[in-house]
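Summary of structural features
Next come the chains, spelled out residue by residue.
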Amino acid sequence: MSAQRKFDGIWFEPAPWVNGEYVRSDATRLITNPAKGSKLAEVQFATPQIATEAINGAVVAQRAWKEVSAFERGNILKTIAAKLTEQKEKLATLLTAEQGKPYWQSLGEIDYAASFFQWYGEEARRISGRIGSHPQNDREFFIEHLPIGVVGWITPWNFPLAQGAKKIAAALAAGCTGVWKPAESTPLIALAMAPLFRSAGVPDGVVQIIPGEGPQIGSVMIEHPEVRCVSLTGSKATGSKLMAGAASQIKRVSLELGGNAPFIILPDADLDFTVDQLVQLKLFVTGQVCVTANRIFVPDVLHEQFIDRLISKLESSKVEDGLNDSSQNRVDAGPLIHSQACVGVDALVDDACKNGAKVAYRYAFGRGDRSKGEGSFYAPTVLSHVVDDMRISKGEIFGPVFAIHTYRTVDEVIQRANSVSQGLAGYVYGTDLSDCRRVARKLDVGIVGVNEWRPLKAEIPFGGIKESGIGSEGGIEGLSEYLRLRVISLPKD
Ligand code: ADP
């Protein structure tokens, strides 16, 4: 058993959590603070054998968990929400230390995670079937909604807590148990949830938490016959692999994959408001969000004034260590997750510039962290003259780069917005709401924010179309990912 670690008042062990205890593993991985590049913890990673034991434990736990009343399951979920809120400050500090996002965004992520436990805590008891009217008058049929079984939850590093919370809250409400594999670079906040789950009354084995290597643990989940659903938030490449693997045992997959969101500014938009919202959206988690604005479409006649306003807004933004954030020092963006991410974003910017884009602005780090040569900071950048066939327009930038496209007509911008292979989120900004609605209804995406930069809420189902995924999270619809039907057709008395 590894030594217990205390992170700003939270006690947990940096090791896999299986059947109610932390277990030992010889496979270790160094977790660093992306703002400093410094060591945060050495985490024990699950081996395939530990992953198998975790799944087997979840199978046993499921037999009892599905018999717990939906009312009681809901109460446990609501207790998790309350405990998250109670421990918000401590958890947010840990989250910022391992992920890099500003402290206020980590506080927001804890609230967001809690909102899913609260919502599904309330929805659990509303899961119900029906009795159907049979075409033969002497018969009837019952439809029951039952838990699909054991689930594998695989989550990324941009929202290391919330992406897990969305999946786990819905699955537990449905009566499923499962194994949570957090991303390699951000396992700490997930492991810190183990004692919280237990103190909220989650029985041992219901949520197993196993940090580990994606392909290795993913294969164990795919091959284990008792795992009936694998739910991933991650890249298209990983989604495709899981889907192909799941085919052999006809497992259900639920996939939240990459986006390429158009951010459409209509000619009558209030530019100050729109720029303010765009900067909030784009600097949120330093642009490392699948629903962030990837292609910013500006009417060509507004191009110059839009860019001027954007630059002056960015000049007053602060990019530094997320732990420096406080009520007196609001930090707008932190570092990228690791230095390789900076290299990837730079390559997209270079490629765009080689093909005619121009750097209209690049944030100047003062005597902040970057100038000390520490951390994986990337300067917010405004790129003008971006066109559709550049590499930067075809997939996620995942960094604070504002890629500005111009357009002439609304029909043209709709066609260009829909011309990509992804379909996750989209944004429409304008003053005439019927114009906004008309454009929004023509976008081939899963969710549209009209004059709103963050439309995601626990109450709202969210999921991509095209290569952005299958299934949805949030809302009552999010429960159906974890439910199956059983129908019994029988004679009436
Ligand atoms: P990103 O590029 O955003 O890191 P990934 O899809 O690589 O997206 O990672 C998201 C999650 O998927 C992480 O938890 C990662 O460990 C996991 N993962 C990566 N490859 C595989 C795989 N082959 N099978 C299962 N999970 C994987």
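In this numbering scheme, every chain counts its residues from 1 along its sequence in written order. Per-residue local features are limited, in this predicted model, to residues with pLDDT of at least 70; the limit for side-chain atom pairs, both in listing and counting, is 80 or more; totals at the level of whole chains, interfaces and linings are taken over all residues. Remark: hydrogens and water are excluded; side-chain values derive from all non-hydrogen atoms of the structure.

With that settled, consider the overall build of the protein chain. Secondary structure follows DSSP: runs of H or I at least 4 residues long count as helices, runs of E at least 2 residues long count as strands, and numbering of each begins at the N terminus. Helix and strand content of the protein chain: 13 helices and 24 strands. Radius of gyration here uses only the C-alpha atoms, and the compact-globule reference equals 2.2 Å multiplied by the residue count raised to the power 0.38. Computed over C-alpha atoms, the radius of gyration of the protein chain comes to 23 Å, within 12% of the 23 Å expected from 2.2 N^0.38 for 493 residues, which places it in the range of a compact globule. The principal-axis extent of the C-alpha atoms belonging to the protein chain is close to 75 × 65 × 40 Å. Buried, partly exposed and exposed residues are distinguished by accessible area as a fraction of the type maximum, computed with a 1.4 Å probe on protein chains only: under 20%, between the cut-offs, and over 50%, respectively. In the protein chain, which comprises 493 residues, the proportion classed as buried is 58%. Sequence-distant contacts, at least 24 apart, represent 72% of the contacts inside the protein chain between residues at least 6 apart. What sets the accessible areas is the Shrake-Rupley method with a 1.4 Å probe; for residues, cover comes only from the shown protein chains. As presented, the protein chain carries roughly 19500 Å² of accessible surface, and 51% of it is formed by carbon and sulfur atoms. His is not counted, nor are the chain ends; Lys and Arg add positive charge and Asp and Glu add negative charge. Taken as the charge centre is NZ of Lys, CZ of Arg, CG of Asp or CD of Glu, depending on the residue. Computed over 53 positive and 56 negative side-chain charges, the separation of the two mean positions in the protein chain equals 2 Å. Here, two residues are considered to be in contact whenever any of their heavy atoms come within 4.5 Å of each other.

Judged by how many residues are buried, strand E14 (residues 261–265) sits mostly within the fold: five of five residues are covered. Neither face of E14 is left uncovered, since the one carrying Ala 261, Phe 263 and Ile 265 and the one carrying Pro 262 and Ile 264 both have all their residues buried. Here the rule is simple: two strands pair whenever DSSP picks up at least two bridges between them. Looking at chain direction, E14 and strand E15 (residues 293–299) are connected through four bridges and run parallel. Following the sheet pairing, Ile 264 is matched in E15 by Phe 297. In terms of handedness, the path from E14 via helix H9 (residues 271–283) over to E15 forms a crossover that is right-handed. Inspection of the sheet shows E14 paired to strand E20 (residues 425–429) by three bridges, in the parallel sense. Seen with the strands pointing away from the viewer, any crossover whose path from the first strand over the helix to the second strand runs clockwise is right-handed.

The environment of the ligand is formed by 17 residues, the closest being Thr 155, Lys 181, Glu 184, Ser 235 and Thr 238. Glu 184 places a polar side-chain atom, nitrogen or oxygen, 2.6 Å from an oxygen atom of the ligand. With respect to the ligand, the side chain of Thr 238 contributes an N or O atom lying 2.6 Å from an oxygen atom. Contact with the protein chains removes 78% of the 550 Å² of surface that the ligand exposes when unbound. Elements supplying a minimum of two residues to the shell around the ligand: helix H7 (214–223), strand E12 (227–233) and helix H8 (236–247). Definition of nearness: a residue and a molecule or strand are near each other if at least one heavy atom of the residue lies within 4 Å of the molecule or strand. Counted as a polar contact is a pair of N or O atoms within 3.5 Å, where, for protein atoms, one must be capable of donating a hydrogen and the other of accepting one, and residues adjacent in sequence contribute only when both atoms are in side chains.

What follows is about the nonpolar core. Counting 112 residues, the largest nonpolar core has Leu 84 and Phe 306 as its most contacted members. Shared between two domains, this core holds at least three residues of each, these being domain 1 (5–257 + 468–491) and domain 2 (261–457). Beyond its immediate stretch of four places on either side in the chain, Leu 84 contacts Leu 91, Ile 110, Ala 113, Ala 114, Phe 117, Leu 161, Met 193 and Leu 196. By size, the runner-up hydrophobic cluster in this structure holds 24 residues, among which are Met 221, Ile 222, Leu 242 and Ala 246. Take the buried residues of types Ala, Val, Leu, Ile, Met, Phe, Trp, Tyr and Cys, join any two whose side-chain atoms come within 4.5 Å, and each joined set is a nonpolar core. Bear in mind that the domain bounds are from an automatic or database domain assignment.

Now for the side chain of Asn 418. Note on placement: Asn 418 falls in the loop between helix H12 (410–417) and strand E19 (422–423). Residue Asn 418 is classed as buried on the basis of its relative accessible area of 19%. Discounting chain neighbours no more than four positions away, the residues touching Asn 418 are Lys 442, Leu 443, Asp 444 and Lys 466.

Moving on: the domain arrangement of the protein chain. Under the domain assignment, the protein chain is made up of domain 1 (5–257 + 468–491) and domain 2 (261–457). Once you take the C-alpha centre of each, domain 1 and domain 2 turn out to be 31 Å apart. Every contact between the two is made by 27 residues of domain 1 and, on the other side, 30 residues of domain 2. Buried area is calculated as the accessible area (1.4 Å probe) missing from two parts once they are joined, with the contributions of both summed. Across the domain 1 to domain 2 interface the summed buried area is about 2300 Å²; carbon plus sulfur atoms make up 61%. Here, a salt bridge means any Lys or Arg side-chain nitrogen found within 4 Å of an Asp or Glu carboxyl oxygen. One can count one salt bridge joining domain 1 with domain 2.

So, about the packing of aromatic side chains. Side-chain rings of Phe, Tyr and Trp, where Trp is taken by its six-membered ring, are said to pair if the distance between their centres is within 6.5 Å; with planes under 30 degrees apart they count as stacked, over 60 as edge-to-face, and otherwise as tilted. Under the counting rule described, the total for this entry stands at 11 aromatic pairs. Centre to centre, the rings of Tyr 112 and Phe 116 are 5.1 Å apart; their planes meet at 85°, and the pair counts as edge-to-face. Placement of the pair is Tyr 112 and Phe 116 together in helix H4 (residues 103–123), with a separation of four residues, close to one helical turn. Relative accessible area serves as the criterion here: at 12%, Tyr 112 is assigned to the buried category. Here Phe 116 falls in the buried class, since its relative accessible area comes to 2%. By the criterion adopted, a ring carries a charge over it if an Arg CZ or a Lys NZ lies within 6 Å of its centre and within 35 degrees of its normal. In this structure, Arg 330 is placed above the aromatic ring of Trp 104, and the distance from its NZ or CZ to the ring centre is 3.7 Å. Across the ring face of Tyr 112, the terminal group of Arg 454 is positioned such that the distance to the ring centre comes to 5.2 Å.

A sheet is described by the order of its strands in space; here seven strands give the open sequence E16-E17-E18-E15-E14-E20-E21, paired in mixed fashion. Of all strands in the sheet, those bounded by a partner on one side alone are strand E16 (358–362) and strand E21 (447–450). Within the sheet, the average angular offset between the axes of one strand and its neighbour, ignoring direction, is 20°. Bridging between E20 and E21 involves four bridges; their strand directions are parallel. Fitting a line to C-alpha atoms yields each axis, with helices limited to the stretch in contact; the angle taken between N-to-C directions then spans 0 to 180 degrees.

This paragraph deals with the confidence of the model for the protein chain. The predictor rates its confidence in each residue with pLDDT, a number between 0 and 100. Counting all residues, the mean pLDDT for the protein chain is 96, and 98% of those residues have values of 70 or more. Counting contacts from residues 367–372, a segment whose pLDDT is below 50, to residues more than four positions away or on other chains yields 12 contacts.

The strand order E7-E8-E24 describes an open sheet built from three strands, whose pairing is antiparallel. With partners counted over all chains shown, the strands left at the sheet margins are strand E7 (130–133) and strand E24 (483–491), one partner each. When strand polarity is set aside, the average angle formed by the axes of neighbouring strands in this sheet is 25°. For E7 and strand E8 (residues 139–147), the ladder comprises four bridges, and the chain directions are antiparallel. In the strand pairing of E8, Ser 133 is matched with Glu 140.

On inspection of all chains with the given rule, the structure shows 18 salt bridges. Here Glu 473 ties to Lys 167 by a salt bridge, and the two come within 2.8 Å at their closest N and O atoms. One end of the pair, Glu 473, is in the loop between strand E23 (469–470) and E24; the other, Lys 167, is in helix H5 (residues 162–174), and 306 residues separate them in sequence. Put simply, Asp 388, Glu 412 and Arg 416 are held in one network by salt bridges that share partners.

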